[in-house]
Each structure stands twice: as structure tokens, then as C-alpha cells.
Amino acid sequence: MSTTHVLSLPLSSGSPTSRARRSVLRPVRCSSERQALFNRIAPVYDNFVIFQLNDLLSLGQHRIWKRMAVSWSGAKIGDCVLDLCCGSGDLAFLLSEKVGSDGNVTGLDFSKEQLSIAASRQQLLSKKCYKNIEWVEGDALNLPFPNGYFDAITMGYGLRNVVDKRKALQEIYRVLKAGSRVSILDFNKSSQPVTTFIQDWMIDNVVVPVATSYGLQEEYIYLKSSIREFLTGKELENLALEIGFSKGRHYEIGGGLMGNLVAIR
């Protein structure tokens, strides 16, 4: 089942993103179960996941991985960029620093609660360039932007959760400018049994127990199955090429526990 919501988050008038949304405003369709899950996580997401779970799971390395993902996107000063499935905004803030005050950053997510946290963080953080970020409630499978609109796109821990990965990549391809890149960071589905064993052990013995202490056991048990149902790095590369990207390269990072797909339109 899917639910339909109309894009309603206000954007500053006159911005490129505002103009794009007015011209292509469409209903948002998404998995109601997955949307509900991320809405439930949102009230504790900022403190829990970012400052505790991610640091504990990665020994702080997740901050490096996210900077790598943004760097691989090729975003530069003055660019118009998109952070897809932005959650509470980690990659969007890093993109903002890359494109500067003359650039534009759009953070899109289907969870209104997550976007509210991102907007609150934007108000609390004092960097001038963060004023260039706009938050959009939308669907990764039906992006409300015209063709060839963005200079760079990032997606952090989102592709694994969309119900149709091919369609998500097709939409990314559609709204990306020719010659530009998408950088997609996520858990790696390894073909190496040892790496898979370590990954499963960490989820069972670190992630879920810590989540349980916050009353979020059910929300985080899904991680292992979502990785199992995900695509391997080679499969992601092949899918990108099938869709039309000129190049696709998947990098294993974090000892093979994480991966980053970089594809050029």
C-alpha cells in the first residue's frame, strides 16, 4: 500500500528550487510502512543515531564516510545540489559547505518529522552558508524537479530503503545534469562471508541492543534484512550502467562494511 501526500513545506520565494516545485508539483507516493518507521524514529534520531549509534558502530568513522560521499559527488562553489533521503540533514549541511552561500542545496525526504529535525538543526547552527538549504517533503521515486536540474546529488543510507531501487536511480539520472555525478553511501552487501559475518554480529550485538535501550528495537531489527535484500557493489554498478549512466564505480569503505556508489550521467 502507498499513501499520497501533497508537497507542502514552504520554501523561500524566488529560489530555483521554489520555481521548480511550482512548475512540477505532483502527489508524493511512498511506502506507508517505511514512512511510518522513519517518523517513529525521528523524535530520538538526532541524538541517538548521529551522536551515539553511528559513533559507536563506526568508532566515529561515519563522519569521514559522509565527507567522502560529498567529495565524490563533485559538488563545488555555486552549484545547485540535492541530498536525497536527507533525514536530519548530515549530508545536506556538508554539501552546503561545499557549494557556499552562492549555491543552493535541497534536502528531500518523505518523513516530515525528520525534515522538522533538519530544519531545527539549521536554525541552531550558525554557519552563514546553511541559509542556502531548503527542505522538501517528497518521494525519491517521483522527484518534483525538472530534467537536468542538479549539478550533483548525494544519497546517504537511503537507496537500501526505497521500495524500487531501479526507479530511484532512474529519477536521479533524470534530474541530474549531463556530466554530473551522484554519490550514494550505504551499508555494503558484501560477497565475502567473513565481512558479512562481522556485519551481522555488529548489528545483533551493538546496533540492536543500543536501539533497544531507547525503545527502538523493532525499528532497527530491520537493518540486517534490508542489507540482505540490498544489491552488491557490482550489481549497483551494473544497474547504473543499464539505466544510462556513462560510468559507475562502487567503493568498499570501512573494511567492507560500508559502500559508496559513484555514477556519472
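Residues numbered from 1 in each chain as written. Predicted model: local features only at pLDDT ≥ 70, side-chain atom pairs only at ≥ 80, totals over all residues. Heavy atoms only, no water.

**Here we look at the pattern of salt bridges**
- A full pass over the atoms with the stated rule returns 12 salt bridges.
- Between Arg160 and Asp186 there is a salt bridge, and its shortest N-O distance comes to 2.6 Å. With a gap of 26 residues between them, Arg160 in the loop between β6 (150-156) and α6 (165-175) and Asp186 in strand β7 (residues 176-187) connect regions that are remote in the sequence.
- Accessibility expressed as a relative area gives 4% for Arg160, which makes it buried. (Salt bridge = Lys/Arg side-chain N within 4 Å of Asp/Glu carboxyl O. Helix = DSSP H or I, 4+ residues; strand = E, 2+ residues; numbered from the N terminus. Buried < 20%, exposed > 50% of the residue type's maximum accessible area, 1.4 Å probe, protein only.)

**As for helix α4 (residues 90-99)**
- In terms of burial, α4 is largely enclosed, as eight of its 10 residues are buried.
- Following α4 by one or two positions, Gly100 adopts a phi angle in the positive range, close to 75°.

**Some points on the environment of Val81**
- Along the chain, Val81 falls in strand β3 (residues 80-84).
- Judged by its relative accessible area of 0%, Val81 falls in the buried class.
- Residues in contact with Val81, not counting those within four places in the same chain, are Ala75, Leu95, Val99, Asn104, Val105, Thr106, Phe150 and Ala152. (Contact = heavy atoms within 4.5 Å.)

Any link to function would need more than the numbers given here.
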